Structures are given as C-alpha cells and as structure tokens.
Amino acid sequence: MSKQEDAPDGVPNSASAKPPPKPEPPKLDPVYYTWSSTFSILMGRYVTGNRDVPLERNYFEEMDAIKAESYCKRCETNRDYLLQYSPIVKFLKDEVGKLGGDLNGKNIHCRMCTAEQSGGFHVDHGIMLCANKFRNRGHQEDTMAHEMVHAWDHLKYKVEDNNLRHQACLEIRASTLSGECRFAREFFTKNQWRITEQLQNCVRRRATLSMLARPGIKDDVHATKVVNEVWDSCFHDTRPFDEIYR
Ligand SMILES: [Zn+2]
C-alpha cells in the first residue's frame, strides 16, 4: 500500500503558520484507559450492541490527548537531540546565527497537525514541527533542516510572502539542501556532487507539492510552471552550503 506523500510544508501566512496552543497534559481518569474499560467499550459496541456513548466519547478523547502528549514529547526530545548532535541542524543553526537569528527549543515548536504537511516556518513565530507526522527521527531531521533553510533565506533575502516565484525558489532550495531527497543523491568525486536526474525529479516534486498548498496556486500545472520558471537559478544556489550537504 503506498502512502500519499506529505508536502514538506504549506502556506506561510500568519493564520496557518502560528503554532496552535499546546494541549494541556491530560488528567488521567483510570476508568477510561484500563484494559477492562476498553474491553467493555468494544464489547458494548460490537458484541452486545449496547453502547455507553458518553463513556466512549470520554475514553477516545482521553486516548487522543494521551497520544498527542506522547507525540509532542517524542518530537521535543528529538528536536533537542538534533539541535545538539545533528551535523546539518547544527550547521544551519550556526549559519542562521551568523545572520542574527537564533533558532532554539523555544521557537521550534512541536504540535499536532491535521494538514498533510510535516512542518512550517513563519518569520514571527519560528518553526513548527508536526509531531504526529514524523516516521522517525531522520524524517524529523529533514523537516527541521528544510524549515531552517527557510529561516536562513528570510534573514538573507528580502522574501515577499505573496510572490509565488520567491516562494517556489525557497521550496526548491529547502528540498535540495535539507536532505529530503538524499536517497536520490549521488556523490561523484570528492567534494563534488553529481546532479542526478533523480535528485532533480525529487526536488521538483517536493517543491511542487509545497506550492500546491498555497492560495495563489490554481492547480498542479500552475505550480509546475512557477517551479520551472525559477528552477535554474534556485536549484544551483546552494548557499550557505558550498556543496549539497551529506
Ligand atoms: Zn518549505
């Protein structure tokens, strides 16, 4: 079964990029999460046909809250680990620092996301990581790096939020440099990377996916067109990396 690919991120406007408030840790009522209550809920539901609806609702709300809390905790633990140990995250944090920005555990937020995306960046709010979307720590690392490239670009260039060509350029750079398309990358000789067709295809696909989530984009044909317009200058601009990382 093939899972649909999530966009790296979506609309960078203030409404959607602002991280929602963090859920309060659930107050656990042991009635709702014991095996016996699970069992009686399922029994009522599927076997006897007698459903205790309020009990069910409370039970599943509490299970969601417990899940959200554990997803966010894992995301924060991984975030702190990556800030300390991931070469690409540390490198980007330093480069953002050189431009006067400070990315840290306070402005890299872990939240539950409903949209088909794994992260987001906003100039005022920082980076949002979709705690429930990560397959593993490597996936979270790619997403952090992707959003950190956006942060670097916003400090380095004058990025216009409503300029689709600017946005497409940001997405091309972030997908090329973050490691999202790592599998498609081939090192050729020492200090020289080879731009394979696979890498280009992967970056085009990821950038187009991110563009599709924006209001100014009509459809995938439009998204592809904007990505193509800026492709040459943006794909080859590997600053602050001298070469594609890793
Ligand atoms: Zn992006």
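Structural notes, computed from the coordinates. No experiment lies behind these values; they were computed from the predicted model shown.

**Brief notes about the sheet that holds strand β2 (residues 108-111)**
Ordered by their spatial adjacency, four strands build an open sheet running β1-β3-β4-β2, and the pairing between neighbours is mixed. Of all the strands in the sheet, the pair left with one neighbour each is β1 (7-9) and β2. If you compare each strand with its neighbour and ignore which way they point, the axes differ by 20° on average. Note: strand β3 (residues 117-122) against strand β4 (residues 126-130), four bridges, orientation antiparallel. The residue bridging F121 from the neighbouring strand is I127, located in β4. Its contacts with the sheet place helix α4 (residues 53-85) against β2 and β4, and it is angled at close to 155° to β2.

**So, the pattern of salt bridges**
Overall, the coordinates contain eleven salt bridges when judged by the stated rule. For the salt bridge of E69 with K73, the shortest nitrogen-to-oxygen distance reads 3.1 Å. Taken together, the residues span about one helical turn, with E69 and K73 both in helix α4 at a distance of four residues. With a relative accessible area of 17%, E69 lands in the buried category. The partner of D237 in a salt bridge is R173, and the shortest N-O contact between them spans 3.6 Å. Of this pair, D237 sits in the segment after α9 (220-235) while R173 sits in helix α7 (residues 164-178); the two residues are 64 residues apart in sequence, bridging distant segments of the chain. Pair check on accessibility: D237 and R173 agree, each one buried. Look at the salt bridges and you will find they share partners, linking D153, R173, D237 and R239 into a network.

**A look at the coordination of the zinc ion**
Every protein donor of the zinc ion is accounted for by D9 (OD), D9 (OD), H146 (NE2), H150 (NE2), E171 (OE) and E171 (OE), and the metal-donor separations fall at 2.0 to 2.5 Å. Mapped onto the sequence, the donors of the zinc ion take the spacing D-x136-H-x3-H-x20-E. Residue H146 and its partner H150 are located together in helix α6 (residues 137-156), separated by four residues, close to a single helical turn. Judged by relative accessible area, which is 0%, H146 ranks as buried. Taking relative accessible area as the criterion, H150 reaches 3% and is therefore assigned buried.

**Digging into the packing of α7 against helix α8 (residues 197-212)**
Where α7 contacts α8, the two axes come as close as 9 Å, and the packing angle between them is 135°. In terms of axis orientation, α7 runs oblique to α8. With respect to the hand of their crossing, α7 and α8 are arranged in right-handed fashion. On α8, the residues touching L164, Q167, A168, E171, I172, S175 and T176 of α7 are V203, R206, A207, S210 and M211. Residue classes in the contact of α7 with α8 are distributed as six nonpolar, four polar and two charged.

**Section: the packing of aromatic side chains**
Counted according to the given criterion, the structure contains four aromatic pairs. Summarising the aromatic geometry, the rings of W152 and Y157 are spaced 6.1 Å apart at their centres and angled 80° between planes, so their arrangement reads as edge-to-face. A residue is classified by how much of its surface remains accessible, and W152, at 4% relative accessible area, is buried. Both rings, one in W231 and one in F235, keep their centres 4.6 Å apart while their planes meet at 15°; by these two values the pair is stacked. Linking W231 with F235, this pair stays in helix α9, spanning four residues, or about one helical turn. The pair formed by W231 and F235 is uniform in burial state, with each residue classed as buried. The ring of Y81 is capped by R137, whose NZ or CZ atom sits 3.8 Å from the centre of that ring. Here the basic side chain of R204 rests over the ring of W231, its NZ or CZ set 4.0 Å away from the ring centre.

Scoring rules and cut-offs
Residues numbered from 1 in each chain as written. Predicted model: local features only at pLDDT ≥ 70, side-chain atom pairs only at ≥ 80, totals over all residues. Heavy atoms only, no water. Pairing = 2+ DSSP bridges. Helix = DSSP H or I, 4+ residues; strand = E, 2+ residues; numbered from the N terminus. Axes fitted to C-alpha atoms, helices over the stretch in contact; angles between N-to-C directions. Contact = heavy atoms within 4.5 Å. Salt bridge = Lys/Arg side-chain N within 4 Å of Asp/Glu carboxyl O. Buried < 20%, exposed > 50% of the residue type's maximum accessible area, 1.4 Å probe, protein only. Donors = N, O, S within 2.8 Å, 3.2 Å for Na, K, Ca; no water. Parallel < 35°, antiparallel > 145°, perpendicular 65-115°, else oblique. Left-handed = near helix turned anticlockwise from the far one by under 90°. Nonpolar A, V, L, I, M, F, W, Y, C, P; charged D, E, K, R; others polar. Phe/Tyr/Trp six-rings, centres within 6.5 Å; stacked < 30°, edge-to-face > 60°. Lys NZ or Arg CZ within 6 Å of the ring centre and 35° of its normal.

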